[in-house]
Amino acid sequence: MLNKQGRPTQPAESSTEIGQGSETYSGNKGLNLESPLIFEQGLDGRIGVDMAEPKQVESRLGSIARKNPIGLPDLSEPQVLRHFVRLSRQNYAIDSGFYPLGSCTMKHNPRINEKVARLAGLGDLHPMQPTSTVQGALELIDSLAHWLKTITGMPAVAMSPAAGAHGELCGVMAIRAAHEAKGEARTRILVPESAHGTNPATAALCGYKVDAVPAREDGRMDLDAFAEKLGPDVAGVMLTNPNTCGLFESDVKKIAGMVHEIGAYFYCDGANLNAILGRTRPGDLGVDAMHINLHKTFSTPHGGGGPGSGPVVLSDALSAFAPVPFITHGDNGFDLVEHQEGQAEKSFGRMKGYHGQMGMFIRALAYMQSHGSDGLRQIAEDAVLNANYIRVGLDDLMRSPFEGICMHEALFDDSSLKGTGVTTLDLAKALIDEGYHPMTMYFPLVVHGAMLIEPTESESRQTLDQFIGTMRYLLEKAKAGETEMFEQAPRFAPRRRLDETGAARHPVLRWVPETDEEEEKLSQAS
Ligand SMILES: *Cc1c(COP(=O)(O)O)cnc(C)c1O
């Protein structure tokens, strides 16, 4: 391993150290290099660029000026470059391999998107430019809005939310504003048990009591339990469709009718729109608000904090409450306005500093236009076909908790591992050794030891066969009692199994100095 100066010290000995399990002197494995944190690599006085010593000027910040150095490491340019290139090589992505992470829809991002997003006229835009200089950009947002409304069959769309969860916030804020406009203070939001965690979190953040609705034997929301929970204090329901068990909520229209009957609103979590694109329009199902994760349905890379975008389509009942700004198109071209003429002032306000995630808008529109409506429909068909191909390819070895065909993701429980000593987690770690990003584990919570597998629709039959073959190999090993490979997995990854409980219970959120010199440096910086 390397010491704080980036020089090799002793070979890694114990299995708890960095580079654990490696038998090399350096701690590196092949051409995968072990790297200390960038803060540990700094050496006083090392610099990346030559610049003249700045003149000592008196700070005009007065009492709020920083009194001590900021504590950034001193590094050369090659050091910085190598550090981030190394990190990027440890990052698993849909561009490097099969990524069947359920509920996340890892999309292939066609390179044409990147080419278009980098065109100078688009890539160099600034959100504070006068609208007269960004007519094309506003037209682009307007065109994308048109596509989204057409695809979903909804009359309005709020473009600014920055991701799915932000879109949920937008939708529930619109619902709250609509109730307030009627002078009603409703307090409860119904959320199925299988919902993504962001649904109850959003409802709670908006001040609502979250009331969980159980699932039926067949994985859909229990209609009887739902009907019992309806009442005049219910503000709305948040339903995911297809749901997080990968199943279409076949009673969705009935549910919408029941919700509307009591004067409440139907929020649909649209994160799984990829599965029904061009086949079903949420507007025809009675939805009042639905976020669209552009990054899950209309390409672009995501995950790891990457950019998202979560426009929210709205029904006539909610459109007046949409967040500002609006894009209008009049005699003088496109404009961004806070208030639309002839409309009452009902918007609940602003959600974001500017108008949305422009880079994502460009990629999503490029994706839609390059696919066309027939191509978009085929995406949904291929997504469902791929998931069912995996489901059937494994169904003699693994149990699906719900019968019948699935939508875009195949769900299994851990009953096939019973008695083997191998857990869902072990199986996932063994998949890493085989070169696969694991499926989603232990979610949805309603299924014991859940494994949620979502193959990207652009994966070929060969890739799916290879994955199915790997899963079958691992399951057969587990059933044959060959558990050592699971206990030690992942054996070939840059890191062995992490102490997840320790990390959650005793998080180390700051660097702990080891020498007096470091101690002094830290006390100066803080
Ligand atoms: C991903 C996802 C979300 C949250 O979307 P983000 O863009 O990650 O904020 C919400 N609901 C479901 C069902 C999801 O899969």
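Cut-offs applied
Residues numbered from 1 in each chain as written. Predicted model: local features only at pLDDT ≥ 70, side-chain atom pairs only at ≥ 80, totals over all residues. Heavy atoms only, no water. 1 Å grid on protein atoms, 1.4 Å probe; cavity = no way out; pocket = protein on both sides within 12 Å on 5 of 7 lines; lining within 4 Å. Points joined across faces, edges and corners; volume = space filled by probe spheres on them. Helix = DSSP H or I, 4+ residues; strand = E, 2+ residues; numbered from the N terminus. Nonpolar A, V, L, I, M, F, W, Y, C, P; charged D, E, K, R; others polar. Near = heavy atom within 4 Å. Polar contact = N/O pair within 3.5 Å; in protein donor to acceptor, adjacent residues only side chain to side chain. Areas by Shrake-Rupley, 256 points an atom, 1.4 Å probe, with all protein chains shown as cover. Buried < 20%, exposed > 50% of the residue type's maximum accessible area, 1.4 Å probe, protein only. Contact = heavy atoms within 4.5 Å. Phe/Tyr/Trp six-rings, centres within 6.5 Å; stacked < 30°, edge-to-face > 60°. Pairing = 2+ DSSP bridges. Axes fitted to C-alpha atoms, helices over the stretch in contact; angles between N-to-C directions.

1. Focus on the layout of surface pockets
Logical step 1: The computed volume of the largest pocket comes to approximately 1,300 Å³.
Logical step 2: As for the largest pocket, its lining consists of 44 residues, of which Gln90, Asn91, Ala493, Pro494 and Arg495 are closest to the centre.
Logical step 3: With six residues, helix 2 (residues 77-89) is the largest single contributor of residues to the lining of the largest pocket.
Logical step 4: The class makeup of the residues in the lining of the largest pocket is 22 nonpolar, ten polar and twelve charged.

2. Here's the deal with the site of the ligand
Logical step 1: Taken together, 14 residues are adjacent to the ligand, and Ser103, Gly164, Asp269, His295 and Lys296 come closest.
Logical step 2: A distance of 2.8 Å is found between an oxygen atom of the ligand and a backbone nitrogen or oxygen belonging to Gly164.
Logical step 3: At a separation of 3.0 Å, an oxygen atom of the ligand approaches a polar side-chain atom of Asn293.
Logical step 4: Relative to its free-state accessible area of 380 Å², the ligand is covered by the protein chains to the extent of 86%.
Logical step 5: When residues of the shell around the ligand are traced back to their parent elements, those giving at least two are helix 6 (164-181) and helix 10 (294-297).
Logical step 6: No other element matches helix 6, which puts three residues into the shell around the ligand.

3. A word on the environment of Leu273
Logical step 1: Within the secondary structure layout, Leu273 lies in the loop between strand 5 (265-269) and strand 6 (289-291).
Logical step 2: On the accessibility criterion, Leu273 (2% relative accessible area) is buried.
Logical step 3: Separated by 42 residues in sequence, Leu273 and Gly231 place their C-alpha atoms 29 Å apart.
Logical step 4: Those residues in contact with Leu273 that sit more than four places away from it in its chain are Met290, Ile292, Thr297 and Phe298.

4. A short note on the packing of aromatic side chains
Logical step 1: Per the counting criterion, the structure on display carries four aromatic pairs.
Logical step 2: Joined through ring pairs, the aromatic side chains of Phe98, Tyr436 and Phe467 make up one cluster.

5. So, the sheet that holds strand 4 (residues 234-240)
Logical step 1: As summarised here, the arrangement of the seven strands in space is 1-7-6-5-4-2-3, forming an open sheet in which the pairing is mixed. Taken across any chain shown, the strands that pair with only one partner, and hence form the sheet edges, are strand 1 (156-158) and strand 3 (209-213). For this sheet, the mean inter-axis angle between neighbouring strands, taken without regard to orientation, is 25 degrees.
Logical step 2: In this structure, strand 6 lies alongside strand 7 (residues 312-314), joined through three bridges in antiparallel fashion. In the strand pairing of strand 7, Ala289 is matched with Leu314.
Logical step 3: Running at roughly 125 degrees to strand 1, helix 5 (residues 135-152) makes contact with strand 1, strand 6 and strand 7 of the sheet.
Logical step 4: Against the sheet, helix 9 (residues 252-261) makes contact with strand 4 and strand 5, and its axis sits at roughly 145 degrees relative to strand 5, the strand it touches most.

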